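Analysis of the macromolecular model
Here are the chains, one letter per residue:
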Amino acid sequence: MARVEVNGVGLFFEAGGDGDPLVLVHGSWVDHHNWDAVVHGLALRYRVLVYDRRGHSESDRPDGQGTRREDEDDLGALMEVLGFAPAYVVGNSFGASTALGLAARRPELFRGIAVHEPPLLDVVADVPEYREQVAETRRLLGACADRLREGDALAGARQFVDEVAFGPGAWEQCPTKVKETFVANAPTFLDEQGDPLWAALDPSELHDFTAPALLSRGAHSPPWFGAVFDRLAGALPWARTHVYEGAGHTPHVTDPEEFTAVLTAFFDEAGRS
């Protein structure tokens, strides 16, 4: 088991493949295994790093209220300590928010970035046509957090999967191992929700990020993700967008071949330019 200490926290990681460095940052509830369906394909072209963010699975879970900025600092330190900087960085969901937050502060660590559906609700809270959607999403997230505060990690995880992330019945379709991971990492999701800035990012802070950027969303996901990208694209000089027509919040799980092909084509073009 490979572990390294950064910022006083032990993080589990795995690295493999050969080529330009590529780092994958997972979202809430899950861990590095969330990338299993795409790691092999990506490792044929890149030197791939996956890890468990602090508080998840095999990494340490520090006491006290955490922040997304700590996750950002962990990502940057991990890349530097393991010799992955500068790298192409790919983030999903909360991992996408983490990658963007680091890109705003440490652009020199990036060769390029690809983010799928960062849940940056604060970025679109003032957009009239999405105000009700954003408020409903916050309500559902709050309800999940309430279940966790009551000590019912299973109910909170099920509610998140069925009502927030994927839709009714999705929990029952999850493999047993995935369900166990959700339940085990539930305390960290609750901690993330306790950070008042977990859903915030000022797009103007990305003005110094000049590396290629790919913003993607799933056609089956809530429309407000597109509004987030509209705001981000205005601040990213080299941003491109992609819609996974048959997917939702996790195309690397549901559509791994397309996901791998899209990333490879984008980063290969970025490398040539």
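Let me begin by describing the structure that accompanies this report. Model, not experiment: these values are computed from the prediction. (Residues numbered from 1 in each chain as written. Predicted model: local features only at pLDDT ≥ 70, side-chain atom pairs only at ≥ 80, totals over all residues. Heavy atoms only, no water.)

The next point concerns the pairing of strand 6 (residues 110–116). Among the seven residues that make up strand 6, six are buried, leaving the element largely enclosed by the rest of the structure. Here strand 5 (residues 87–92) pairs with strand 6 via six bridges, running parallel. Along strand 6, the bridge assignment pairs Val 89 with Ile 113. Following the backbone out of strand 5, through helix 3 (residues 94–105) and into the adjacent parallel strand 6, one traces a crossover that is right-handed. Two strands pair when backbone bridges link them, and strand 6 and strand 7 (residues 213–218) are joined in this way by four bridges, in the parallel orientation. Bridge pairing in strand 7 links His 116 to Ser 216. (Buried < 20%, exposed > 50% of the residue type's maximum accessible area, 1.4 Å probe, protein only. Helix = DSSP H or I, 4+ residues; strand = E, 2+ residues; numbered from the N terminus. Pairing = 2+ DSSP bridges. Right-handed = clockwise from strand over helix to strand, strands pointing away.)

Position of Gly 41 among the secondary structure elements: in helix 1 (residues 36–43). Put simply, Gly 41 and Thr 260 are 219 residues apart on the chain and 6.7 Å apart in space, counted from C-alpha to C-alpha.

Take Asp 126: it is sitting in the loop between strand 6 and helix 4 (131–149). Using a relative accessible area of 48% as the deciding quantity, one classes Asp 126 as partly exposed. Sequence separation between Asp 126 and His 220 is 94 residues; the distance between their C-alpha atoms is 23 Å. At 3.2 Å, the side chain of Asp 126 forms a polar contact with the side chain of Arg 231. (Polar contact = N/O pair within 3.5 Å; in protein donor to acceptor, adjacent residues only side chain to side chain.)

Attention shifts here to the sheet that holds strand 3 (residues 20–25). Read from one edge to the other, the open sheet built from eight strands follows the order 1-2-4-3-5-6-7-8, with strand pairing classed as mixed. One side of each edge strand has no neighbouring strand; the edge strands of this open sheet are strand 1 (3–6) and strand 8 (239–244). Strand-to-strand, the axes of this sheet are offset by a mean angle of 25°, without reference to chain direction. On the sheet, helix 9 (residues 224–233) packs against strand 6, strand 7 and strand 8 and is oriented at approximately 170° with respect to strand 7. (Axes fitted to C-alpha atoms, helices over the stretch in contact; angles between N-to-C directions. Contact = heavy atoms within 4.5 Å.)

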